[in-house]
Amino acid sequence: MTPTPSGNPGAVRDARDRPLVAVTGLGVVTSLGQGAADNWAALTAGRSGIHAITRFPTEGLRTRIAGTVDFLRADPMVAPLLSERFATEAADEAVAQAGLGKAFPGALFIAVPPVEIEWPQRRALAEASGAAGDVTYADLLRAAATRRFDDWHDLFIFGTVADRIADRFGTRGSPISLSTACSSGATAIQLGVEAIRRGETSAALCIGTDGSVNPESLIRFSLLSALSTQNDPPEGAAKPFARNRDGFVMGEGAAALVLEDAAHARARGARILGYVLGCGEKGDGFHRTRSSPDGAPIIAAIRAALDDAGLAPDRIDTVNAHGTGTPENDKMEALGCLAVLGERMRDVPISSNKSMIGHTLTAAGAVEAAFSLLTIAQGRVPPTLNYAVPDPAIPLDVVTRARDLPVSFVLSNSFGFGGQNTCLVFGADPA
């Protein structure tokens, strides 16, 4: 999919005399499909990628559904390898669209899920230890000393995915791996924007990727009562902003954005898909999983993004919501948007991609950034599925069918466990 080029062809710096950050390539992989075109067609048609999990047995589990990417595989099927595979496919598409050649002329910022050795590998180590009863740490060290598991050492190191992606695309400098919970993908983009504005690089490859739908992560989120338990039908489970919402649905995938200093992009004749105009990030130390009940950090993140973009709140045409479908998070997001955009927010179209692809966790902020740029380029706001029972406590204009309208500026929200709040503002043109 090739979005229409933006206007204002002469702009290369923003109102604060910082390099304007242009997007010249994007790539997407989700449970809806591979590539921006397939994802956009499915998303705007209101098709769901959420289905019953077949990757591992789910008997006895409260939640048995997810938005897994079943058409791409890894061997073994572990989070680091799946995350690498998704990131590679998304970055291949983005870099090819940007037309930057074989060696990427800038830095890599990649959001990856927290890494730990998974149950099948733990079991193999335990069996190799030869322990007759309870397995001790000394037993595991003895198994590791056999050198049969050396490959796992690199596999389960946090920075391995970034190192491999950097090698594949020839990015410059040390790759940056990050994990800031559900805002990670947006934070990767923010880091790229800041590096370009500081003049440290003329281009940045920013990726969010997550392939961590596995038994342990599913059970952990279930124990937090964070997941929807409405397994049948799977496509009806994710209900952002609806009164009968009961939790999020895990998803997986990746998105990659090629960011460039606008002067660099224009000098080489690149097609500009849009701009990252503003970034706002605020921490919330209120609770490990819950948001502050007054919404102050969310409000501050939204305001910071708008201030950074040099935009008044009334310039936002639509909101790409974090919209997880958890009771408290949706309410807090609505509170934050209403506090910043005022009464006008009741009429601003808002939509949650998670209703169709699930919550792609570490990748979510990047995936939703890509969809935000496509919303601008195509002039179409994707729908939110399963909004059949509106919540009177959330007086928002939730889009339930794809809506065609001119879109110049999008606010994209990403709010994570532990109080990681990151908001991005995208535009067709400089503010």
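What you see as residue numbers is a count from 1 along each chain, following the sequence as written. With the structure being a predicted model, the display of local features is reserved for residues of pLDDT at least 70 and the display and counting of side-chain atom pairs for 80 or more, all residues being used for whole-chain, interface and lining totals. Heavy atoms from the whole structure form the basis of all side-chain values; hydrogens and water molecules are not counted.

Filter applied, for reference: UniProt positions are given in the numbering used here, feature names are shortened, and annotations may be inferred rather than shown by experiment.
With an unreviewed UniProt entry as reference, the protein chain is termed 3-oxoacyl-[acyl-carrier-protein] synthase 2, source organism Methylobacterium crusticola. The record in UniProt for the protein chain states the following under Pathway (unreviewed entry): "Lipid metabolism; fatty acid biosynthesis."

**A look at the packing of helix α10 (residues 296-309) against helix α11 (residues 327-341)**
Let me state the cut-off plainly: Every axis in this analysis is a line fitted to C-alpha atoms, fitted for helices over the stretch in contact. Angles between the N-to-C directions lie between 0 and 180 degrees. Per the convention used, a helix needs a DSSP run of H or I reaching at least four residues, while a strand needs a run of E reaching at least two, with both numbered from the N terminus. Roughly parallel covers angles under 35 degrees, roughly antiparallel covers those over 145, roughly perpendicular covers 65 to 115, and oblique covers all other angles. By convention, the crossing between two helices is left-handed when the near helix turns anticlockwise from the far helix through less than a right angle, and right-handed when the turn is clockwise. Here, residues are in contact when the closest pair of their heavy atoms is within 4.5 Å. The residue classification treats Ala, Val, Leu, Ile, Met, Phe, Trp, Tyr, Cys and Pro as nonpolar and Asp, Glu, Lys and Arg as charged. All others, Gly included, are polar.
Look at α10 against α11: their axes get within 8 Å of each other, and the N-to-C directions meet at 45°. Comparing the axis directions of α10 and α11 gives the class oblique. Remark: the crossing between α10 and α11 carries right-handed chirality. In this structure, α10 contributes Ile-298, Ile-299, Ile-302, Arg-303 and Leu-306 to the contact, and α11 contributes Met-332, Gly-336, Cys-337, Ala-339, Val-340 and Leu-341. For the contact of α10 with α11, the per-class residue count stands at nine nonpolar, one polar and one charged.

**A closer look at the packing of aromatic side chains**
Given two aromatic rings, their pairing is described by the distance between the two centres and the angle made by the two planes. The line we're drawing: Classification of ring pairs uses Phe, Tyr and Trp, with its six-membered ring standing for Trp, and accepts pairs whose centres are within 6.5 Å; under 30 degrees between planes counts as stacked, over 60 as edge-to-face, and the remaining range as tilted.
According to the stated counting rule, one finds two aromatic pairs in the structure shown. When the centroid spacing of 4.8 Å and the interplanar angle of 35° are considered together, the rings of Phe-149 and Trp-152 count as tilted.

**Some thoughts on the pairing of strand β16 (residues 420-427)**
Defined as follows: Only protein chains enter the calculation, and the probe is 1.4 Å; a residue is then buried if its accessible area is under 20% of its type maximum, exposed if over 50%, and partly exposed in between. Only strands joined by at least two bridges in the DSSP assignment are considered to pair.
Extensive coverage of β16 is indicated by the burial of seven of its eight residues. Where strand β9 (residues 274-283) and β16 come together, eight bridges link them in antiparallel fashion. The residue bridging Cys-279 from the neighbouring strand is Leu-424, located in β16. Of the pairings in the sheet, the one linking strand β15 (residues 409-416) to β16 comprises eight bridges and is antiparallel in character. Its bridge partner lying in β16, Phe-409 is registered against Gly-427.

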